[in-house]
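# Fold and geometry: a report
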Amino acid sequence: MSRNVLLLPGDGIGPEIIEQAARLLEALNHRRSLGLQLSQARLGGSAYDAEGSPYPDSTAQAARNSDAILLGAVGGPRWADVERQLRPEQGLLNIRADLDLFANLRPALLFPQLANASSLKPELVAGLDILIVRELTGGIYFGEPRGIRTLPNGERQGYNTDVYSESEIRRIARVGFELAQKRGRRLCSVDKANVLDVTLLWREVVTEMAADYPDVELEHLYVDNAAMQLVIKPKQFDVILTGNLFGDILSDEAAMLTGSIGMLPSASMNESRQGLYEPCHGSAPDIAGQGIANPLATILSVAMMLRYSLNEADAADSIERAVSAALDEGLRTPDILTSDTTRVGTAEMADAVIRNLD
Ligand code: NAD
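Here the structure is a predicted model, which means the values were calculated and not measured. (Residues numbered from 1 in each chain as written. Predicted model: local features only at pLDDT ≥ 70, side-chain atom pairs only at ≥ 80, totals over all residues. Heavy atoms only, no water.)

Now for the overall build of the protein chain. Each helix and strand in the protein chain was counted, giving twelve helices and 14 strands. On the principal axes, the C-alpha backbone points of the protein chain span a range of 60 × 50 × 45 Å. Scored against the burial criterion, the 358 residues of the protein chain give a buried share of 53%. Across the protein chain, every contact between residues at least 6 apart in sequence was considered, and the portion connecting residues at least 24 apart equals 74%. Carbon and sulfur atoms form 49% of the exposed surface of the protein chain, whose accessible area is close to 15,500 Å². (Helix = DSSP H or I, 4+ residues; strand = E, 2+ residues; numbered from the N terminus. Buried < 20%, exposed > 50% of the residue type's maximum accessible area, 1.4 Å probe, protein only. Contact = heavy atoms within 4.5 Å. Areas by Shrake-Rupley, 256 points an atom, 1.4 Å probe, with all protein chains shown as cover.)

In structure tokens, the structure reads:
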């Protein structure tokens with residue numbers, strides 16, 4: 001059975017890292033006869049330049065017909081003056097909404113070889129393995145009404161609406177509970193129920209659902225405390241469940257515990273397990289075109305794609321082992337370089353991973 005994988009290189013370092021991830025995917029596809037059909041389309045600023053929209057119809061059609069999508073990154077200063085609805089980042093919001101990719105999984109996993117790259121003491125982070133489950137298609141990023149209005153006194157006022165329905169909370173909480181069952185069986189739900197009504201409902205619904213998952217230990221934390229606990233004692237967490245806004249911030253914080261945003265993959269899935277896989281970082285315009293971007297977050301996103309959307313867990317495991325082996329060889333892109341390791345560029349790092357595939 002052939003499966004369609006759509007590649008969306010995007011902007012900035014996107015094309016550089018997707019080129020390497022595609023080489024790896026093709027090597028695996030050939031070696032393991034995975035039957036994957038790769039195709040490519042535009043998203044973000046490059047799509048706006050070529051087709052007048054950050055999420056053109058041609059890309060939407062290809063995305064809807066795919067089993068899984070691998071994205072580089074979108075955005076950059078070049079499109080700063082483009083009107084909001086046509087900005088590169090809008091392409092990302094549009095594809096997430098179009099495919100109803102409501103569940104965003106962001107692991108913060110620290111490879112032991114990189115414990116020294118973290119800004120925290122190695123003993124606090126060595127062995128760190130957190131999974132953040134963030135709701136991605138609701139909450140304040142999408143809530144209406146929103147806008148900037150002029151008040152009767154002439155002053156301008158900006159406003160957004162944070163809104164979650166019970167069904168939206170239930171479906172993301174189910175993902176959190178089920179993933180916790182497959183991991184350390186601990187789920188920490190993060191909210192601001194002492195101040196925000198929308199998250200009071202969140203807490204009530206998650207608490208009700210806990211009865212269906214007696215094997216999972218549920219804890220609730222306010223978001224300000226969760227942000228502190230992540231730097232004080234990060235290893236206390238197994239799965240963190242939260243909404244769109246808090247998840248955006250906490251997942252970047254967790255990312256930095258691992259030392260480099262260049263190491264972190266992510267998955268965004270809908271109910272039929274179709275997924276968009278992408279590194280957590282952005283398009284890094286400051287290093288684009290230099291051949292020095294770390295391709296490992298994208299390569300690890302390929303592993304997540306094989307595991308969650310394509311049901312190829314063995315192939316996913318082999319990628320993760322190959323990344324670890326490449327790090328064991330002492331190879332590092334500049335973002336994770338230390339005095340006792342060897343500096344390599346984007347393509348050389350990918351070469352090392354491909355060489356170490358079993
Ligand atoms: P960024 O993640 O692009 O960069 C932050 C810092 O991390 C930069 O110093 C960059 O050089 C470095 N970095 C990022 N990825 C790296 C990699 N693979 N290897 C080595 N170093 C890496 O975040 P930013 O600078 O805030 O945003 C730049 C652009 O990316 C903006 O237009 C933003 O809107 C967009 N963005 C896109 C996404 C996405 O496509 N999912 C996510 C975040 C930001």
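From this point, things continue past the structure.
As a further point, take the site of the ligand. Taken together, the neighbourhood of the ligand is formed by 20 residues, with Val74, Glu89, Gly282, Ala284 and Asp286 sitting nearest. Within the backbone of glycine 282, a nitrogen or oxygen atom sits 2.7 Å from an oxygen atom of the ligand. Backbone polar atom of asparagine 294 to a nitrogen atom of the ligand: 2.9 Å apart, as the coordinates give it. Relative to its unbound accessible surface of 800 Å², the ligand loses 66% to contact with the protein. (Near = heavy atom within 4 Å. Polar contact = N/O pair within 3.5 Å; in protein donor to acceptor, adjacent residues only side chain to side chain.)

Quick look at the side chain of threonine 341 now. As for its position among the elements, threonine 341 is in the loop between strand 13 (331–332) and strand 14 (342–343). Taking relative accessible area as the criterion, threonine 341 reaches 17% and is therefore assigned buried. Within the local environment of threonine 341, its side chain forms a polar contact with the backbone oxygen of threonine 338, the two atoms lying 2.9 Å apart. In contact with threonine 341, not counting residues within four places along its chain, are Gly330 and Arg332.

This part takes up the pattern of salt bridges. Inspection of every chain in the model, using the stated rule, returns 21 salt bridges. The closest approach of N and O atoms between aspartate 98 and arginine 64, which form a salt bridge, is 3.0 Å. Residue aspartate 98 is found in helix 4 (residues 88–98), and its partner arginine 64 is found in helix 3 (residues 57–64); the two are separated by 34 residues along the sequence. Given the relative accessible area of 32%, aspartate 98 is considered partly exposed. In this structure, aspartate 358 engages arginine 321 in a salt bridge whose closest nitrogen and oxygen atoms are separated by 3.1 Å. Linking aspartate 358 in the segment after helix 12 (346–355) with arginine 321 in helix 11 (residues 313–328), this pair joins segments that are 37 residues apart in sequence. Salt bridges here are not isolated pairs; linked through shared partners, they connect Arg32, Arg321 and Asp358. (Salt bridge = Lys/Arg side-chain N within 4 Å of Asp/Glu carboxyl O.)

This part covers unusual backbone geometry. Cis geometry is adopted by the peptide bond preceding proline 145, which originates at glutamate 144 and carries an omega value of 0°. Residue arginine 185 is not a glycine yet carries a positive backbone phi of 60°. Positioned with a positive phi, alanine 284 is a non-glycine residue whose angle comes to about 40°. With respect to the element layout, alanine 284 can be found in the loop between strand 12 (275–279) and helix 10 (296–308).

To continue, consider the packing of aromatic side chains. Summed over the entire model, instances satisfying the criterion amount to two aromatic pairs. It is arginine 149 that lies over the ring of tyrosine 159; its NZ or CZ is 3.7 Å from the centre. For arginine 171, the ring lying beneath its charged end belongs to phenylalanine 102, and the centroid distance is 4.0 Å. (Phe/Tyr/Trp six-rings, centres within 6.5 Å; stacked < 30°, edge-to-face > 60°. Lys NZ or Arg CZ within 6 Å of the ring centre and 35° of its normal.)

Okay, empty space enclosed by the protein next. Per the stated rule, a full pass over the model turns up two cavities of 30 Å³ or more. Taken as a whole, the largest cavity encloses approximately 100 Å³ of empty space. Lining the largest cavity are 14 residues; nearest its centre among them are Asp162, Tyr164, Thr199, Gly243 and Phe246. Those elements giving two or more residues to the lining of the largest cavity turn out to be strand 8 (186–191), helix 7 (197–209) and helix 9 (244–257). Of the residues assigned to the lining of the largest cavity, the class counts are seven nonpolar, five polar and two charged. Looking at the second largest cavity, its volume works out to about 30 Å³. (1 Å grid on protein atoms, 1.4 Å probe; cavity = no way out; pocket = protein on both sides within 12 Å on 5 of 7 lines; lining within 4 Å. Points joined across faces, edges and corners; volume = space filled by probe spheres on them. Nonpolar A, V, L, I, M, F, W, Y, C, P; charged D, E, K, R; others polar.)

A contiguous nonpolar surface patch, about 270 Å² in accessible area, is contributed by Met228, Val231 and Ile232. Along the chain, methionine 228 turns up in helix 8 (residues 223–232). (Patch = residues over 30% accessible without salt bridge, like charges linked within 9 Å, V, L, I, M, F, W, Y side chains within 5 Å.)

Another aspect to go through is helix 1 (residues 14–32). Between its first and last C-alpha, helix 1 extends 26 Å over 19 residues, near the 27 Å set by a 1.5 Å rise per residue. Burial in helix 1 covers these residues: Gly14, Glu16, Ile17, Ile18, Gln20, Ala21, Ala22, Leu24, Leu25, Ala27, Leu28 and Asn29. One or two residues past the end of helix 1 sits serine 33, with phi positive at roughly 45°. (Expected span 1.5 Å × (residues − 1).)

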